[in-house]
Protein chains: 2
Amino acid sequence: MTDLLYLDDLPVGRRFVTRTHALDAAQIKRFATEFDPQPFHVDEATAEGTFFQGLAASGWHTMAITMRLMVEGVPIAGGIIGSGAELSWPQATRPGDVLQVHSEVLENAPSKSRPDRGRITLRSETRNQRGEVVQIMTGRLVVLRKVIA
Amino acid sequence: MTDLLYLDDLPVGRRFVTRTHALDAAQIKRFATEFDPQPFHVDEATAEGTFFQGLAASGWHTMAITMRLMVEGVPIAGGIIGSGAELSWPQATRPGDVLQVHSEVLENAPSKSRPDRGRITLRSETRNQRGEVVQIMTGRLVVLRKVIA
């Protein structure tokens, strides 16, 4: 079990790499059927004639898998609690992609009003098996400080 | 059936309101078990002692529901295709919340290099049954232009 991390354990530049997740067409279609039922996410044949020219995962599916990997791979005390995030998808996530998340702390800011917490900015790249970046997510997280009693 | 919308149908200021979605604890726990398995998203009793002081939906679940509502309620020709987005969650989404998305076009920019497309920026507030904003998502979308042959 990894030790849980508090604000002081997360200096600018600290990095994390998660395990991998293998994505297939069934997962892509199941997520999209519930949350993003557009032709290019739910049906291979129809997807051929669209912007994506083939089945592609919903960006929100890529994000959800990214979150799952980070929950397991970035052990912050109190959990990963985001107040906001910026996302971009430089290229599509496809069936057969094996995803892995590479994160780095960009900012670390103790709260001025609350000595028990602070904020970090964490940049997370989701990469496929060829090392291509399919998503960049920069999240603002609330992080606890270790209180010395 | 609503007419599909092209770039010229989406001037700055155009607004959309989706149908509602009723969220319950079972949905919150099911999504979180797969994608964001943290105590405050999967178990009421444990959630009491956390930052959220009770069960709360994953922000990515709120976003996924928002996307579902937008796919049905914002009928863009070619689909809702995002290249990126900014999100914030001003307050938690809870069991029993009834969510609805209110969107407004903030920018409309024809492509300089590709006459068949352009880009819009769409700001979407996800509100609960009390009108409180639980998520603000500003998305950058690729939109087709109607080509006159």
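What comes next is a walk through the structure. No experiment lies behind these values; they were computed from the predicted model shown.

This part takes up the interface of chain B and chain A. Interface extent is often summarised as the accessible area lost during association of the parts. Counting residues at the interface gives 34 residues for chain B and 34 residues for chain A. Overall, the association of chain B and chain A removes approximately 2,800 Å² of surface from exposure, summing both partners, and the carbon and sulfur fraction of that is 64%. If you look at where chain B meets chain A, you find two salt bridges. Between R30(B) and E34(A) there is a salt bridge whose closest N-O contact spans 2.9 Å. Linking chain B to chain A there are 16 residue pairs in polar contact (both at pLDDT 80 or more). Listed by contribution, the elements that provide at least two residues to the side of chain B that touches chain A are helix 1 (25-35), helix 4 (59-73), strand 2 (81-88) and strand 5 (133-144) of chain B. Residue classes in the side of chain B that touches chain A are distributed as 18 nonpolar, nine polar and seven charged. Bridge analysis of strand 2 (residues 81-88) of chain A against strand 2 of chain B gives five bridges, and the strand direction is antiparallel.

Within the sequence span of helix 1 of chain B, burial applies to A25(B), Q27(B), I28(B), F31(B), A32(B) and F35(B). Take helix 1 of chain B and look down its axis: the buried residues cluster within an arc of 160°, on one side only. Residues of helix 1 of chain B that are exposed and point over 90 degrees away from its buried face: A26(B) and R30(B). Close packing links the buried residues of helix 1 of chain B with helix 1 (25-35) and helix 4 (59-73) of chain A together with strand 1 (15-22), helix 2 (39-42), helix 3 (44-48) and helix 4 of chain B. Its side-chain oxygen 3.2 Å from the backbone nitrogen of A26(B), D24(B) forms the N-cap of helix 1 of chain B.

Adjacent strands of a sheet form backbone hydrogen bonds with each other and so pair up, either parallel or antiparallel. Taken together, ten strands build an open sheet; the order of strands is 1(A)-3(A)-4(A)-5(A)-2(A)-2(B)-5(B)-4(B)-3(B)-1(B) and the sheet is antiparallel. This sheet does not close on itself; its edge strands, each paired only once, are strand 1 (15-22) of chain A together with strand 1 of chain B. Within the sheet, the average angular offset between the axes of one strand and its neighbour, ignoring direction, is 20°. In this fold helix 4 of chain A packs onto strand 1, strand 2, strand 3 (98-110), strand 4 (117-127) and strand 5 (133-144) of chain A together with strand 2 of chain B, with an angle of close to 125° to the strand it touches most, strand 1 of chain A. Docked against the sheet, helix 4 of chain B engages strand 2 of chain A together with strand 1, strand 2, strand 3 (98-110), strand 4 (117-127) and strand 5 of chain B, running at close to 120° with respect to strand 1 of chain B.

Further remarks concern the environment of G73(A). All names here are of chain A. Relative to the helices and strands, G73 is located in helix 4. Spatially, the C-alpha atom of G73 lies 18 Å from that of A85, the residues being twelve residues apart in sequence. If sequence neighbours within four positions are ignored, G73 has contacts with F16 and T18.

So, on to the environment of P37(A). Tracing the backbone shows P37(A) in the loop between helix 1 and helix 2 (39-42). Note: C-alpha distance between P37(A) and S58(A) (21 residues apart in sequence) is 8.9 Å. Non-local contacts of P37(A), meaning those with residues more than four positions away in its chain, are made with A32(A), V42(A), R68(B) and V71(B).

Now for the relation of the copies chain B and chain A. Put simply, the two copies of the chain differ by a rotation about an axis and a shift along that axis. Taken as rigid bodies, chain B and chain A are interconverted by a rotation of 180° and an axial shift of 0.0 Å, the fit giving an RMSD of 0.0 Å. The symmetry that links the two subunits is that of a two-fold axis. By C-alpha distance to the rotation axis, the residue of chain B lying nearest is E86(B), at 2.2 Å. The residues that chain B uses at the interface reappear at the interface of chain A in 100% of cases, marking a shared surface.

The next subject is the pattern of salt bridges. Two side chains carrying opposite charge are able to pair once their charged atoms lie near each other. Residue and element names in this part refer to chain A. Enumeration according to the criterion identifies 22 salt bridges over all chains in this entry. Put simply, R19 and E72 hold a salt bridge, and the shortest N to O gap is 2.6 Å. Placement of the pair is R19 in strand 1 and E72 in helix 4, with a sequence separation of 53 residues. Given a relative accessible area of 40%, R19 falls into the partly exposed group. On the basis of relative accessible area, E72 is assigned to the partly exposed category, the value being 40%. Across the salt bridge formed by E125 and R127, the nearest N and O atoms sit 3.0 Å from each other. R127 sits in the partly exposed class, given a relative accessible area of 27%. Members of the salt-bridge network, linked through shared partners, are R19, R68 and E72.

Cut-offs used in this document
Residues numbered from 1 in each chain as written. Chains lettered and ligands numbered in written order. Predicted model: local features only at pLDDT ≥ 70, side-chain atom pairs only at ≥ 80, totals over all residues. Heavy atoms only, no water. Contact = heavy atoms within 4.5 Å. Buried area = accessible area lost by both parts, 1.4 Å probe. Salt bridge = Lys/Arg side-chain N within 4 Å of Asp/Glu carboxyl O. Polar contact = N/O pair within 3.5 Å; in protein donor to acceptor, adjacent residues only side chain to side chain. Helix = DSSP H or I, 4+ residues; strand = E, 2+ residues; numbered from the N terminus. Nonpolar A, V, L, I, M, F, W, Y, C, P; charged D, E, K, R; others polar. Pairing = 2+ DSSP bridges. Buried < 20%, exposed > 50% of the residue type's maximum accessible area, 1.4 Å probe, protein only. Arc of directions from axis to C-beta. Axes fitted to C-alpha atoms, helices over the stretch in contact; angles between N-to-C directions. Least-squares fit on C-alpha atoms with pLDDT ≥ 70 in both.

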